[in-house]
Amino acid sequence: MIVNTNTRGLFLIVLILFFQSCFIHETKSKVEEVAFNGMTRTFESEYASFSPEDILGLYVVNRPEASVPGTLKPAGNLFDNLRLRLDGETMKPLNPAFYPAGIHRVDLYAYGPYVSEGLAEGNVLSFSVRREQSTPEALKQSDLLWGRLLEVETSQRRPPQVIFEHQLSKIRISLKAGIGVTLHSPIVLIEGTKPSVQLNLADGELGEATGTITPVTPLRSVGENVYQAIVIPQTVGMSNRLFTVTNDGKIYHYVLKADRHFQKGTVYTYDITIHADDLEVELSGIINDWIPGDYDTQEYDYT
């Protein structure tokens, strides 16, 4: 069969248009999918993405115009409390979600870990840290994160990036043996703190710490006497017990001689040395790994 030049040219044009339409359709589908790239600050002050086991919550609010922000509500938003998990490098809903036609700009309000109850009146999310934080999973489940991104174009080619902020306080303890003391599987408890708080998802503001004061068991680093736990930002008053350490059958208590203010997004490092007859506690720094804080040093001996 002989195909003339005009027919061959027409065939090539049709073929090119077909592949272009497929590409445009695929690109449009990807653009309209609800998704974002999430980053959060690590203990070393670097940014890291989430892990596949992390489940985040997301509220999506329609933004009618670039200059007119949407209004976040406990329910009735464009999307309410979607459950997101890492898919490749992008956080996507467990059940795929797509922006409806005609939605061009949105505001994203995200948090983690996921709370099935979602928002209550006033756009507040109720959250409690785990009493038992002795595993990496439990520690992560106590790390309340919040991120917000406004004026997101739903037609952009790449998923937007949401930076999450640590909302709570981290306590890090380095336990050491004094002269004549051997550490025999020491037990550390963090005391004096209330376990619950409400987060305003619209602006990231925290309410007052609530609940009954509950001891927290921190995570111990493998092969080291280094412990860490996350607590609700609050003030622990003077004369209140903050730490209890048990070693070789002997119990030591650390009682505050002044108020201690734990601030959101701040890491507090304590060096604790166990002596034969007393316990030495030094607050070696209030460090800036999450959000800059002040610096203080104290030394107390307790039996």
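Our subject is the structure listed above.
All figures in this text were calculated on a predicted structure; none of them were measured in a lab.

### A closer look at the overall build of the chain
Stage number 1. On a plain count of helices and strands, the chain comes out with two helices and 21 strands.
Stage number 2. Counting all 303 residues of the chain, 44% fall into the buried class.
Stage number 3. Partitioning the intrachain contacts of the chain with sequence separation of at least 6 by distance along the chain shows that 66% fall at a separation of at least 24.
Stage number 4. Entry remark: accessible area of the chain is about 16000 Å², with carbon and sulfur atoms responsible for 52%.

### Digging into the pairing of strand 3 (residues 55-62)
Stage number 1. A large share of strand 3 lies buried, amounting to seven of its eight residues.
Stage number 2. The pairing of strand 3 with strand 4 (residues 79-87) spans five bridges and is antiparallel. Looking at the pairing, Val 60 lines up with Phe 79 of strand 4.
Stage number 3. In this structure, strand 3 lies alongside strand 6 (residues 105-112), joined through six bridges in antiparallel fashion. When the sheet's bridge partners are listed, Val 60 is paired in strand 6 with Leu 108.

### Regarding the pattern of salt bridges
Stage number 1. Taken as a whole, this structure holds nine salt bridges when the rule is applied.
Stage number 2. Across the pair Asp 107 and Arg 63 runs a salt bridge, and its minimum N-O distance is 2.9 Å. Taken together, the residues span a long stretch of sequence, with Asp 107 in strand 6 and Arg 63 in the loop between strand 3 and strand 4 at a distance of 44 residues. Per residue, the accessibility class of Asp 107 equals that of Arg 63, and both read buried.
Stage number 3. As a salt-bridge pair, Arg 105 and Glu 153 come within 3.4 Å of each other at their nearest N and O atoms. One end of the pair, Arg 105, is in strand 6; the other, Glu 153, is in strand 8 (residues 145-153), and 48 residues separate them in sequence.
Stage number 4. A relative accessible area of 26% means that Arg 105 is categorised as partly exposed.
Stage number 5. Relative accessible area serves as the criterion here: at 35%, Glu 153 is assigned to the partly exposed category.
Stage number 6. Each member of the salt-bridge network shares a partner with another, and the members are Glu 33, Asp 87 and Lys 92.

### A word on the sheet that holds strand 8
Stage number 1. Taking strand neighbours across the sheet as the criterion, the eight strands line up as 2-1-9-8-6-3-4-5 in an open arrangement whose pairing is mixed. In the strand order of this sheet, the two ends are held by strand 2 (47-49) and strand 5 (90-93), each with one partner. Across the sheet, the mean angle separating the axes of adjacent strands is 30° when strand polarity is ignored.

### Description of the pairing of strand 10 (residues 169-177)
Stage number 1. Two strands pair when backbone bridges link them, and strand 10 and strand 14 (residues 226-231) are joined in this way by six bridges, in the antiparallel orientation. Along strand 14, the bridge assignment pairs Ser 169 with Val 231.
Stage number 2. Sheet topology places strand 10 next to strand 19 (residues 267-274); eight bridges connect them, and they run parallel. Looking across to strand 19, one finds that Ala 177 is bridged to Ile 274.

### So, the sheet that holds strand 16 (residues 241-247)
Stage number 1. Read from one edge of the open sheet, three strands run 11-16-17, paired in antiparallel fashion. Among the strands making up the open sheet, the edge pair consists of strand 11 (187-190) and strand 17 (250-255). Ignoring strand direction, the axes of neighbouring strands in this sheet form an average angle of 15°.
Stage number 2. Alignment of strand 16 against strand 17, held across six bridges, turns out to be antiparallel. The residue bridging Asn 247 from the neighbouring strand is Lys 250, located in strand 17.

Calculation criteria
- Residues numbered from 1 in each chain as written.
- Predicted model: local features only at pLDDT ≥ 70, side-chain atom pairs only at ≥ 80, totals over all residues.
- Heavy atoms only, no water.
- Helix = DSSP H or I, 4+ residues; strand = E, 2+ residues; numbered from the N terminus.
- Buried < 20%, exposed > 50% of the residue type's maximum accessible area, 1.4 Å probe, protein only.
- Contact = heavy atoms within 4.5 Å.
- Areas by Shrake-Rupley, 256 points an atom, 1.4 Å probe, with all protein chains shown as cover.
- Pairing = 2+ DSSP bridges.
- Salt bridge = Lys/Arg side-chain N within 4 Å of Asp/Glu carboxyl O.
- Axes fitted to C-alpha atoms, helices over the stretch in contact; angles between N-to-C directions.

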